[in-house]
Amino acid sequence: MEMQSNFIKTIMEEDLASGKVSSIMTRFPPEPNAYLHIGHARAIITNFELAKMFGGSTNLRFDDTNPVKEDAMFVDAIIEDIRWLGYEPKQILFGSDYFEESYERALLLIRKGLAFVCDLSAQEMSNYRGTLNTPGKESPNRNRTIDENLTLFKAMRNGVYKDGEKTLRAKIDMSSPNINMRDPVIYRIIHINHHNTGNKWCIYPMYDFAHPLQDSIEGITHSLCSLEYDDHRVLYDWFVEKCEMPHIPHQYEFGRLNIANTIMSKRYLKQLVESKLVKGYDDPRMPTLVGLRRRGYTPNSIRNFILSTGLSRINSTVSNEMLETSLREDLKLQLRRVNAVLKPLKVIILNYPEGIIEELELPNNNENEALGMRKILFGKEVYIDRDDFYDGVPEKGWKRLAMGLEVRLMHAYFVRCVDVVRNTDGTISELHCTYDPETRSGSGFTGRKPNGNIHFVEASSAIPATFNLFEPLLVDSDGDRPLEERLNLNSWTTIKGFVESSLKDTVSEDKYQFVRMGYFSADYDSKKGNLIFNRTVELKSSYK
RNA sequence: UGGGCUAUGGCCAAGUGGUUAAGGCAUCGGACUUUGACUCCGAGAUCGGUAGUUCAAAUCUACCUAGCCCAGCCA
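Residues numbered from 1 in each chain as written. Chains lettered and ligands numbered in written order. Predicted model: local features only at pLDDT ≥ 70, side-chain atom pairs only at ≥ 80, totals over all residues. Heavy atoms only, no water.

(A) Just the packing of aromatic side chains, in detail. Taken as a whole and assessed by the stated rule, the structure comprises 30 aromatic pairs. Geometrically, the ring pair formed by F62 and F94 is stacked, given 5.2 Å between the ring centres and 25° between the ring planes. In this pair, F62 is assigned in strand 2 (residues 57-62) and F94 in strand 3 (residues 92-94), connecting sequence segments 32 residues apart. On the accessibility criterion, F94 (15% relative accessible area) is buried. Geometrically, the ring pair formed by F209 and F239 is edge-to-face, given 5.1 Å between the ring centres and 80° between the ring planes. In this pair, F209 is assigned in helix 7 (residues 207-218) and F239 in helix 8 (residues 233-242), connecting sequence segments 30 residues apart. Ring pairing ties together the aromatic residues F99, Y103, F153, Y187, W201, Y204, F209, W238 and F239, which thus form one cluster. (Phe/Tyr/Trp six-rings, centres within 6.5 Å; stacked < 30°, edge-to-face > 60°. Helix = DSSP H or I, 4+ residues; strand = E, 2+ residues; numbered from the N terminus. Buried < 20%, exposed > 50% of the residue type's maximum accessible area, 1.4 Å probe, protein only.)

(B) Here's a closer look at unusual backbone geometry. Positive phi is not limited to glycine here, since D183 has a value of about 45°. Following the sequence through the fold, D183 ends up in the loop between strand 5 (167-170) and strand 6 (185-189). Here the phi dihedral of E244 falls at roughly 55°; this positive angle occurs in a residue that is not glycine. If you trace the backbone, E244 turns up in the loop between helix 8 and strand 9 (250-254). Residue E244 is classed as partly exposed on the basis of its relative accessible area of 45%.

(C) Focus on the sheet that holds strand 13 (residues 340-341). Taken in spatial order, the seven strands line up as 12-27-28-29-25-26-13 in an open sheet, and their pairing is mixed. Looking at which strands have only one partner, the edges of the open sheet turn out to be strand 12 (337-338) and strand 13. One ladder, built from four bridges, connects strand 27 (residues 511-514) with strand 28 (residues 518-522); its direction is antiparallel. Note on strand 28: the bridge partner recorded for K511 is S521. (Pairing = 2+ DSSP bridges.)

(D) Just the pattern of salt bridges, in detail. Summed over the entire model, instances satisfying the criterion amount to 41 salt bridges. With a closest N to O distance of 2.5 Å, R256 and E228 form a salt bridge. Of the two residues, R256 sits in the loop between strand 9 and strand 10 (257-259) while E228 sits in the loop between strand 8 (222-226) and helix 8, which places them 28 residues apart along the sequence. Residue E228 is classed as partly exposed on the basis of its relative accessible area of 39%. The residue R516 makes a salt bridge to D388 at a minimum N-O spacing of 2.3 Å. Of the two residues, R516 sits in the loop between strand 27 and strand 28 while D388 sits in the loop between strand 17 (381-385) and strand 18 (389-390), which places them 128 residues apart along the sequence. (Salt bridge = Lys/Arg side-chain N within 4 Å of Asp/Glu carboxyl O.)

(E) Highlighting the protein's contact with RNA strand B. If you check the shell around RNA strand B, you find 65 residues, and the closest are Y229, S312, R337, S441 and S542. Across the atoms of RNA strand B situated within 4 Å of the protein, the share located in sugar and phosphate is 65%. Between D230 and RNA strand B, the recorded distance is 3.1 Å, taken from a side-chain N or O atom to a sugar or linking oxygen. Between S542 and RNA strand B, the recorded distance is 2.4 Å, taken from a side-chain N or O atom to a sugar or linking oxygen. Within the residue set of the surface near RNA strand B, elements represented by two or more residues are helix 5 (122-129), strand 6, strand 11 (316-318) and helix 12 (320-331). Classifying every residue of the surface near RNA strand B by side-chain character gives 19 nonpolar, 27 polar and 19 charged. (Near = heavy atom within 4 Å. Polar contact = N/O pair within 3.5 Å; in protein donor to acceptor, adjacent residues only side chain to side chain. Nonpolar A, V, L, I, M, F, W, Y, C, P; charged D, E, K, R; others polar.)

(F) Seen up close, the sheet that holds strand 21 (residues 414-422). In space, the seven strands of this open sheet follow the order 23-20-21-22-14-17-24, with mixed pairing throughout. At either margin of the open sheet sits one strand with a lone partner, and together these are strand 23 (453-454) and strand 24 (457-458). Strand direction decides the pairing type here: strand 14 (residues 344-349) and strand 22 (residues 428-436), joined by four bridges, are parallel. Counted as the bridge partner of K346 is E430 from strand 22.

So, in structure tokens, the structure goes:
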């Protein structure tokens, strides 16, 4: 799938055409403090695809300027996720790689009289900032001499002060209607071990200061971020200019992508994991990339999904069906279409000879010959899905089995239900059917039409398997209701059934289309002798 | 009477003054079908509102309305 036209692509084309830039360089700048989710996928895919489209490249840069919130453990996880999606960063870098240069640029700002050391406490600074409707007041320390600022800032770096005791602030405009311009803090004091730089630093640059510098140093041409940074762009440009950065990057904002009924906030995902409502960040119900992967989503399906949603300056919410459609389309021609019975109902074929097992040949994927043929078994006892039998008189239009009706067991024979055997409590224990040898698939029989086609698994060779079926974690999209009330208590169902014998060597992450049932992927816990499949998505169905 | 951003069918989204406003998802018809799948046909918007500019506007202007973001020493 090609990336469709969007405003950023247009900007890049124009910049290239006008000579404003000679090549495209983008970056994906995650903060290493959480697992990546499908929302991040939009940023990753957009940055990489856009650069690739114009022959440019993309850096992965960990935005690790706040050691109190970040953790090295996420670094490897994020790299792994990006590679899984199929992208290779030109370079893997850290914001902390630039601490020395950031410091030098801060010194430059001070020397130019554009930054000062401020003694205000966090609370005082908040009071001085003013409000959305009223201008702020200037810090009493705003007019310190350049020499004094230099001395103080160096002392900050040297660990003379405690956390929060002083900050370095840009000197801009306390009455600006844009609050970001009201003398923003650019360095704060944090005495804590940093995952990369250890205890080398006790002052850390703020995002607004660090980011434009990082972009400039790396030669980023188009720095893409989300809409809420729109108000920060003027500050971004201010730092690039005032710090006299030789390369001038430009920031462009685009909207975030949300999926209906899916919450992606870190706080929420963490809450789900810590309260054990899910089994971890890679729980197949989670919108994390590790969760989607475990569920069975492919990198290509995620990429196509993201590209199909387009890109604009609107925070959009698309339905989950778009993601599901991408998965089906990706896998449709790639996978073997095999038989699995999720809710087994035994069928005895009364007139089929005892002790005979025959082999039936069929295509692995009737839309893709390249996948070849395989054999399945058929015998006197088979399993069909309970949902394929209607206990009673079905409405007309029913296209499966019921007492007295005849259906085709796909690629085998027509069978007619002649008896329903029940347990003492009235539930069905097994079905008795008869088959018609003349209706063997491939024989060219056209004498009559069956009442539908259902799949089956031969009983003696069937391999027991566990199936995990999922529903959304949330039951509705009413964001105003408390989370606890929105949780779907049936989001995970485990059932046991059978798969055809050809699946015996299935290994973790193997994927199949189970005929009429959907796309499934072998779970990480699946192993020979104990097959476990996650249902990634169901097949579409017009049956109500 | 703070600032910024946005507004095209149910959900996304092309479109940047000029034939019947792309496409995808969803929906509803119909054909086909050894997956109620797939595939194939067909159906639906006058572009937030109003008033202007123009021979001509979703595209320009003004005003209005609605939604989102901003007052971390978070990113």
